[in-house]
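Residues per chain, in single letters:
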Amino acid sequence: MRPKVLSGIAAVGAAMMLAVGLAPMVGASTRSPSSGVTLKALGKKVKTLETLPPFKGIPYYGGLLKNAAHLKGEKVMVVPGDSELQACTEMGKAAASLFSAAGMKPTVFSTKGSVTTLTTAANDAISEGYKAILYECDFSATEIVPEIARAEKAGLKVVGWGSTLKADKVAHLDGSLNTTLGLVARNGVEQAVYEHHGKPFQSIIIESKAVGTSPPATAALLTELRTLCPRCTHTVITAEVTTWFTTLSSAVESALLRAPKATVIFDEFTGELTGVLAGVKGVHRTKTVKTYMGYGGGTAYLVDQSKGVGHTVVAGQIEEGVVWCGYEDVIQTARVLLGLPALPVVKFTGPRRLLTPQNVGSVLKYGGFGTVFVNQFRKMLGLKPLSGAALLKAATLTGALTPKS
């Protein structure tokens, strides 16, 4: 995740909390003693994740919405959890574009990630006759439980994307969609273990505890690490979003100096990458340290990965197609507005793709997630298919997902 403007990010102090978990070192093995996973099988899984994810089919998303025409003219408030984060704004724009294509009237509400702006969005939607609110990306439903309850009491449907399952249940959302940060964490570990040929390594994990999905992701990462590499070691750094562009670089430097043998950094969110790369460069470890996981970035971070220090240090970022996810949000919202049961969260595991030095160039050129999904989602809403330049524009958010020449 990357802010559109860095000037809006304020420092919250230079101190970083460190939590250390250590396990004894041991020699290499081609088979993990506890998991039984061979390096060959692990490599196959990593290579599959590097390829274009397939569209799972219209039935997977509940089938055609036969009464979608009834939604024309309905107002939907689209609320990015934090409008300064590139992935959030892109997902919101993608959802709004499909809502508009279906004849609905979306408004993208600009936020700063604060409870105040999320609350204002709900109040505005209630007072201005909206039919639904879609909260998405960097969002925790537990922060605004009273506002969600008030909106639903007023007859609005409230859908959320990217919160935690526990938070969604507490807030009694009409529908929710799950970010796959836990799966992303596991995938990051799989790539690191595979590229270290099964040998134990020392890693630094960067967690942002205030982001609701981060602690569960850290837990998933540690579980996978213990399973695939039980004798690896790790250090956890807590770095909140407000420090990513200020003090994270010095915290990474300090962590690397404390762990001179570390070869891996798990950056849970790609927004951490700027500080991470600066920190790695600051201690002159660009040839020995690699980053893995890196979720939720965007075009700018892929450009960072494709050149300079990033090309050397970034082993992988795992992207979830923002347009694809935005379209999923539309389908879930349309279902609850039509009185259909919301699809279970398990259906929305997101189209994940591992971006490596080998495929990042082609992903930058073509957007990374193909075009098939666009017309499949349009078909569900009774819309005509797109082709040619119009189809490519839809899939890349009018070129926003590809670098400017």
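Here the structure is a predicted model, which is why all the values come from computation and not from measurement.

Calculation notes
Residues numbered from 1 in each chain as written. Predicted model: local features only at pLDDT ≥ 70, side-chain atom pairs only at ≥ 80, totals over all residues. Heavy atoms only, no water. Pairing = 2+ DSSP bridges. Helix = DSSP H or I, 4+ residues; strand = E, 2+ residues; numbered from the N terminus. Axes fitted to C-alpha atoms, helices over the stretch in contact; angles between N-to-C directions. 1 Å grid on protein atoms, 1.4 Å probe; cavity = no way out; pocket = protein on both sides within 12 Å on 5 of 7 lines; lining within 4 Å. Points joined across faces, edges and corners; volume = space filled by probe spheres on them. Nonpolar A, V, L, I, M, F, W, Y, C, P; charged D, E, K, R; others polar. Salt bridge = Lys/Arg side-chain N within 4 Å of Asp/Glu carboxyl O. Buried < 20%, exposed > 50% of the residue type's maximum accessible area, 1.4 Å probe, protein only. Parallel < 35°, antiparallel > 145°, perpendicular 65-115°, else oblique. Left-handed = near helix turned anticlockwise from the far one by under 90°. Contact = heavy atoms within 4.5 Å. Core = buried A, V, L, I, M, F, W, Y, C linked by side-chain atoms within 4.5 Å. Right-handed = clockwise from strand over helix to strand, strands pointing away. Arc of directions from axis to C-beta. Disulfide = S-S within 2.5 Å.

Comments concerning the sheet that holds strand E2 (residues 75–80)
Hydrogen bonds between backbone atoms are what pair the strands of a sheet, whose relative direction is either parallel or antiparallel. Read from one edge of the open sheet, five strands run E3-E2-E4-E5-E6, paired in parallel fashion. Here the strands that pair on one side only, and so sit at the sheet edges, are strand E3 (105–108) and strand E6 (175–177). With direction set aside, neighbouring strand axes in the sheet form an average angle of 15 degrees. Pairing geometry for strand E4 (residues 132–136) and strand E5 (residues 157–161), over five bridges, is parallel. Its bridge partner lying in E5, Tyr135 is registered against Gly160.

Thoughts on empty space enclosed by the protein
One pass over the full model with this rule turns up one cavity of 30 Å³ or more. Surrounding the largest cavity, 17 residues form its lining, Glu319, Val322, Gly367, Phe369 and Leu401 being those nearest its centre. Among the elements of the structure, helix H10 (299–306), strand E11 (317–320) and helix H12 (322–337) are those that each provide at least two residues to the lining of the largest cavity. At three residues, H12 tops the list of elements feeding residues into the lining of the largest cavity. Residues that form the lining of the largest cavity fall into these classes: 10 nonpolar, four polar and three charged.

Side note on the pattern of salt bridges
Going through the model one piece at a time under the given rule, you end up with three salt bridges. Of the charged contacts in the structure, one is a salt bridge between Lys47 and Glu50, with a shortest N-O distance of 3.4 Å. Pair noted here: Lys47 and Glu50 are both in helix H1 (residues 39–50), with a separation of three residues, about one helical turn. The exposure class of Lys47 is partly exposed, given its relative accessible area of 46%. Across the pair Glu224 and Arg186 runs a salt bridge whose closest N-O atoms are separated by 3.7 Å. Pair noted here: Glu224 is in helix H7 (residues 214–228) and Arg186 is in helix H6 (residues 181–195), with a separation of 38 residues, a long-range link. Classification of Glu224 as buried rests on a relative accessible area of 11%. Arg186 sits in the partly exposed class, given a relative accessible area of 34%.

Section: the packing of helix H8 (residues 248–258) against helix H9 (residues 273–282)
Two numbers describe how H8 lies on H9: the axes approach to 7 Å, and their chain directions differ by 45 degrees. With respect to H9, the element H8 is oriented oblique. In this structure, the crossing between H8 and H9 has a hand that is right-handed. Side by side, H8 and H9 meet where Leu248, Ser249, Val252, Glu253 and Leu256 of the first sit next to Gly275, Val276, Ala278, Gly279, Val280 and Gly282 of the second.

Considerations on the nonpolar core
Across soluble globular proteins, nonpolar side chains have a tendency to be buried as a group. Within the largest apolar cluster, 100 residues are counted, with the highest numbers of intra-cluster contacts made by Leu256, Ile265, Phe266, Phe373, Phe377 and Leu381. If you tally residues by element for this core, the top one is H12, at nine residues. When residues no more than four places from it in sequence are discounted, the contact partners of Ile265 are Ile204, Ile206, Val252, Leu256, Val276, Val280, Val289, Lys290, Thr291 and Tyr292. Residues Val79, Phe139, Val158 and Ala171 belong to the second largest nonpolar core, which totals 20 residues.

What to know about the pairing of E4
Every regular strand shows the same layout, with side chains that alternate between the two sheet faces. Burial runs high along E4: five of the five residues are buried. Residue alternation in E4 divides its side chains into two sets, Ala132, Leu134 and Glu136 and Ile133 and Tyr135, and both sets are buried. Bridge count for E2 against E4 is five bridges, and the pairing is parallel. Looking at E4, one finds that Val76 is bridged to Ala132. On the question of chirality, the crossover connecting E4 to the parallel E5 by way of helix H4 (residues 145–153) is right-handed.

Focus on the side chain of Ser203
When you line up the elements, Ser203 lands in strand E7 (residues 202–207). Those residues in contact with Ser203, other than ones at most four positions away along the chain, are Leu225, Thr233, His234, Thr235, Val264 and Phe266.

Concerning H8
All of the buried residues along H8 are Leu248, Ala251, Val252, Ala255 and Leu256. Here the buried residues of H8 occupy an arc of 135 degrees about the axis, which is enough to place them on one side. Turned more than 90 degrees off the buried face of H8, the exposed positions are Leu257 and Arg258. The elements touched by buried residues of H8 are E7, strand E8 (233–238), strand E9 (264–269) and H9.

Re the state of the cysteines
Counted by the stated rule, this structure contains two disulfides. For Cys88, the disulfide goes to Cys137, at an S-S distance of 2.0 Å. Disulfide Cys88-Cys137: the torsion about the S-S bond is -75 degrees, which places it as left-handed. Here Cys88 is found in helix H2 (residues 86–101), whereas its partner Cys137 is found in the loop between E4 and H4, with 49 residues between them in sequence.

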